[in-house]
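Residues per chain, in single letters:
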Amino acid sequence: MQPHRPTHLLAASRLTLRTFVAVPLLCLAASIAGAQQAPSDFPMDSMGYLNEELPRMEAAIAARDRSFFHGAMARTVQFSERWGFKAQANPDLAKYPMCTDAVMDYVVVGMCKLNPSGDGCEPGLAQRFDANVQRCRDMAARK
């Protein structure tokens, strides 16, 4: 037979246990949320993203796979939101327009390779994209 414990002691011990478990988790979450990426890492991260995406895009174009671009757009939005340049301007990234432009043009350029007469396919877009990718790659290499 177990000894009888008052209900208020059980509730207090549960609260203490929850506190001991929750506080370290909250501290970890706060440190992760508070740890922002250094703006100088943006070119390298952009090139990592594009280096992963571009071969996949080329394969989708070769396969005439339009469905690839839905996922590519979602990944591009996630990347831009992580760095804060999709919906609002991140002033810390102002010195890296070649990288933001390359990331944002990536999906449009791919779609235009599939359908050159499509909406948004302007002359010179692919060349500007290639130039921005190279300038971003150069910037990333300096880090």
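Residues numbered from 1 in each chain as written. Predicted model: local features only at pLDDT ≥ 70, side-chain atom pairs only at ≥ 80, totals over all residues. Heavy atoms only, no water.

J.: Which residues make up the environment of Ala74, and what values do they have?
T.: Counting through the fold element by element, Ala74 comes out in helix 3 (residues 68-83). By relative accessible area, which is 39% here, Ala74 ends up partly exposed. Separated by 33 residues in the primary sequence, Ala74 and Val107 place their C-alpha atoms 10.0 Å from one another. (Helix = DSSP H or I, 4+ residues; strand = E, 2+ residues; numbered from the N terminus. Buried < 20%, exposed > 50% of the residue type's maximum accessible area, 1.4 Å probe, protein only.)

J.: With reference to specific residues and values, describe helix 3.
T.: The terminal C-alpha atoms of helix 3, which comprises 16 residues, lie 23 Å apart, in line with the 22 Å expected from a rise of 1.5 Å per residue. Residues Phe68, Phe69, Ala72, Thr76, Phe79, Ser80 and Trp83 constitute the buried set of helix 3. An end-on view of helix 3 places all buried positions within 95° of arc, on one side of the element. Facing away from the buried side of helix 3 by over 90 degrees, the exposed positions are His70, Gln78 and Glu81. On its buried face, helix 3 is in contact with helix 2 (42-62) and helix 4 (97-114). Of the residues trailing helix 3, Gly84 is marked for its positive phi of about 75°. (Expected span 1.5 Å × (residues − 1). Arc of directions from axis to C-beta. Contact = heavy atoms within 4.5 Å.)

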